[in-house]
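Each chain, letter by letter, is given below.
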Amino acid sequence: METAQLASSPQHSSTVMAAAGTGKTWLLVTRLVRLLLAGTSPDSILAITFTRKAAAEMAARLTDRLYSLARMDDGAREQALREMGIDPTTSSLPKAGGLYEQHLFQPRQARVTTFHAFCQELLRRFPLEADVPAGFEVLDGARLSQEEAWD
């Protein structure tokens with residue numbers, strides 16, 4: 001099995017480390033599509049990245065990929081599935097075509113966020129266990145430093 005297919009397979013755990021522009025986002029979006037095609041509920045998918053920009057890009061690319069699959073004819077959809085390492089079958093072709101609509105009308109979609117936002121949410125949900133005050137506020141260190149400098 002090709003490395004990209006192995007890394008995007010829902011049956012395997014993978015770590016992807018690569019330089020900018022090498023296709024990491026394509027690979028991660030492919031993994032998300034494969035999870036959805038395998039029947040994973042969108043609201044049980046969590047993708048975490050380093051920056052808000054990267055998270056927004058990944059979410060947008062997922063929506064774009066699902067939209068493209070919905071608009072393709074069967075031949076093009078079959079080719080697209082093959083490129084993602086998915087065996088096109090009589091059940092996977094129509095299912096892939098319906099993922100976009102499912103994505104749009106899902107009450108809670110696949111979540112793409114940052115490490116900071118994810119950790120902050122955990123702390124907000126479990127403040128007692130984390131030994132932080134309930135309703136805490138994250139301080140912006142750079143802003144505080146600037147204010148102190150002006151003072």
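Residues numbered from 1 in each chain as written. Predicted model: local features only at pLDDT ≥ 70, side-chain atom pairs only at ≥ 80, totals over all residues. Heavy atoms only, no water.

*Asks:* Would you explain the overall build of the protein in this entry?
*Replies:* Counting its secondary structure elements, the protein contains eight helices and two strands. When the helices and strands of the protein are listed from N to C terminus, the series reads α-α-β-α-α-α-β-α-α-α. Taken against the 2.2 N^0.38 rule, which gives 15 Å for 151 residues, the C-alpha radius of gyration of the protein at 19 Å runs more than 25% over that of a compact globule. As displayed, the protein has an accessible area near 10,300 Å², and 54% of this comes from carbon and sulfur atoms. (Helix = DSSP H or I, 4+ residues; strand = E, 2+ residues; numbered from the N terminus. Rg over C-alpha atoms; globule rule 2.2 N^0.38 Å. Areas by Shrake-Rupley, 256 points an atom, 1.4 Å probe, with all protein chains shown as cover.)

*Asks:* Sorry, what's going on with the layout of surface pockets here?
*Replies:* The gaps left among the atoms become clear once a water-sized probe is rolled over them. Here the largest pocket is characterised by a volume of approximately 790 Å³. Lining the largest pocket are 26 residues, with K24, L28, I48, T49 and M58 sitting closest to its centre. Those elements that place two or more of their residues in the lining of the largest pocket are α2 (24-37), β1 (46-49) and α3 (52-71). Among the elements that take part in the lining of the largest pocket, α2 stands out by supplying seven residues, more than any other. (1 Å grid on protein atoms, 1.4 Å probe; cavity = no way out; pocket = protein on both sides within 12 Å on 5 of 7 lines; lining within 4 Å. Points joined across faces, edges and corners; volume = space filled by probe spheres on them.)

*Asks:* Where do I start with the pattern of salt bridges in this structure?
*Replies:* If the charged atoms of two oppositely charged side chains come close together, the side chains can form a pair. Tallying each qualifying case throughout the model produces six salt bridges. For D43, the salt bridge is made with R108, and the minimal N-O distance between the two is 3.6 Å. With D43 in the loop between α2 and β1 and R108 in the loop between α5 (92-105) and β2 (111-114), this residue pair connects regions lying 65 residues apart in the sequence. Residue R77 pairs with D74 through a salt bridge whose shortest N-O separation is 3.2 Å. In this pair, R77 and D74 both sit in helix α4 (residues 74-83), three residues apart, roughly one turn of the helix. Salt bridges linked by common partners bring R111, E121 and R125 together as one network. (Salt bridge = Lys/Arg side-chain N within 4 Å of Asp/Glu carboxyl O.)

*Asks:* Is there a simple way to explain the pairing of β1 in this structure?
*Replies:* Looking down a regular strand, the side chains alternate between one sheet face and the other. Of the two faces of β1, only one is covered, namely that formed by A47 and T49; the face formed by L46 and I48 stays uncovered. As judged from the four bridges shared by β1 and β2, these two strands associate in the parallel manner. Residue I48 lies in a different strand from β2, and its bridge partner there is T113. (Buried < 20%, exposed > 50% of the residue type's maximum accessible area, 1.4 Å probe, protein only. Pairing = 2+ DSSP bridges.)

*Asks:* Before we go on, may I ask you to explain the packing of aromatic side chains in this structure?
*Replies:* The geometry of an aromatic ring pair comes down to the distance between the two centres and the angle between the two planes. Here the structure, examined in full by the defined rule, presents two aromatic pairs. Relative to F115, the ring of F50 has its centre 4.9 Å away and its plane inclined at 50°; by these criteria the two rings are tilted. Remark: F115 occurs in helix α6 (residues 115-125) and F50 occurs in the loop between β1 and α3; sequence separation between them is 65 residues. Relative accessible area serves as the criterion here: at 66%, F50 is assigned to the exposed category. When the centroid spacing of 5.1 Å and the interplanar angle of 70° are considered together, the rings of Y67 and Y100 count as edge-to-face. Of this pair, Y67 sits in helix α3 while Y100 sits in helix α5; the two residues are 33 residues apart in sequence, bridging distant segments of the chain. R124 extends its terminal NZ or CZ atom over the ring of F136, reaching a point 4.6 Å from the ring centre. (Phe/Tyr/Trp six-rings, centres within 6.5 Å; stacked < 30°, edge-to-face > 60°. Lys NZ or Arg CZ within 6 Å of the ring centre and 35° of its normal.)

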